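# Structural characterization, general
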Amino acid sequence: DTGVSQDPRHKITKRGQNVTFRCDPISEHNRLYWYRQTLGQGPEFLTYFQNEAQLEKSRLLSDRFSAERPKGSFSTLEIQRTEQGDSAMYLCASSLSERGRSGGSIQYFGAGTRLSVL
Amino acid sequence: SQQGEEDPQALSIQEGENATMNCSYKTSINNLQWYRQNSGRGLVHLILIRSNEREKHSGRLRVTLDTSKKSSSLLITASRAADTASYFCAIYQGAQKLVFGQGTRLTINP
């Protein structure tokens, strides 16, 4: 399968613990995105990378959240000192930017990591 | 906010019927996309319609875009049980930030 993969699929943790999620994008895609989705809502943008550079961060991404994309390949999203309000589905997506093409590209999503903070 | 807003929030129809859901947005766009999400899963891209297009088809899907009214509609014809899912419209805010509405939860009854 050459789609976007996320690991783990489910994570249960206790409040105050740190958690880390991994996303492997489609191999030729240079852009990678993280979203958060709570029950009954649409995904909310958290951050995105162009290759290894983190180019935009949402104000939703508090200082307890950090994302990396070393070498422009896979990405990790870490949440420190988790709170119950962090419980959500964390979605990763990737896309390929094309020179000369404007207007935004199609994003391909992984199955998500569901985080439950007890 | 450029957030797309879907209407209705929930829709329940019989298998074989057509399902129509609508999306409204607030500012100018380059394109609008529709995604489907099965329960507890990731999103699957369905169709992208550019601002200079008025209608687009893909299999049983038909999407329209009216930029003067800042609205789009997604029509699913001859619905099947497998079409049961949440459907989201999404638009770009800035260069790369995709903004989603709350979605329409579609239930197809056998």
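Data block above holds the structure.
The structure contained in this document is the topic of the report that follows. Keep in mind that this is a model prediction, so the values were computed, not measured.

## Some points on the overall build of chain A
For chain A, the count of helices and strands is zero helices and 11 strands. Listing every helix and strand of chain A by position from the N terminus yields β-β-β-β-β-β-β-β-β-β-β. Referenced to the eigenvectors of the C-alpha coordinate spread, the extents of chain A come out at roughly 45 × 30 × 30 Å. A total of 118 residues make up chain A; the buried ones form 48% of that total. For chain A, the share of sequence-separated contacts (at least 6 apart) that also reach a separation of at least 24 residues comes to 55%. Summing over all exposed atoms, chain A offers an accessible surface of approximately 6,200 Å²; the carbon and sulfur share of this is 44%. Charge separation in chain A, taken as the distance between the mean sites of 16 positive and 13 negative side-chain charges, equals 3 Å.

## Comments concerning the sheet that holds strand 1 (residues 5-7) of chain B
All names here are of chain B. In spatial order, the strands read 1-3-8-7-6; together these five strands make up an open sheet with antiparallel pairing. Each of the sheet's edge strands pairs with one partner strand only, and the pair in question is strand 1 and strand 6 (55-58). Taken pair by pair, the neighbouring strands of this sheet meet at an average axis angle of 20 degrees, ignoring direction. Relative to strand 8 (residues 71-76), strand 7 (residues 61-66) runs antiparallel, the two sharing six bridges. Across the sheet, residue Leu61 finds its bridge partner in strand 8, namely Ile76.

The rules behind each value
Counting starts from 1 at the beginning of each chain's written sequence and moves along it residue by residue. Chains and ligands are labelled by the order in which they are written, letters from A for the one and numbers from 1 for the other. Local features are withheld for residues below a pLDDT of 70 in this predicted model, meaning they are given only at 70 or higher, and side-chain atom pairs are given and counted only at 80 or more; totals for whole chains, interfaces and linings count all residues. With hydrogens and water excluded, all non-hydrogen atoms of the structure serve as input to the side-chain values. By definition, any uninterrupted DSSP run of H or I lasting at least four residues is a helix, any uninterrupted run of E lasting at least two residues is a strand, and each is numbered from the N terminus. Note on classification: 1.4 Å probe, protein chains only; a residue is buried when its accessible area is under 20% of the maximum for its type, exposed when over 50%, partly exposed between these limits. For this analysis, residues touch if any pair of their heavy atoms sits within 4.5 Å. Per-residue and other accessible areas were derived by the Shrake-Rupley procedure at a 1.4 Å probe size, with only the shown protein chains allowed to occlude residues. Under the convention used here, Asp and Glu are negative, Lys and Arg are positive, and both His and the chain ends fall outside the count. To locate a charge, take atom NZ for lysine, CZ for arginine, CG for aspartate or CD for glutamate. Two strands are said to pair when DSSP picks up at least two bridges between them. The angle between two axes is taken between their N-to-C directions and runs from 0 to 180 degrees, where each axis is a line fitted to C-alpha atoms and a helix contributes only its stretch in contact.

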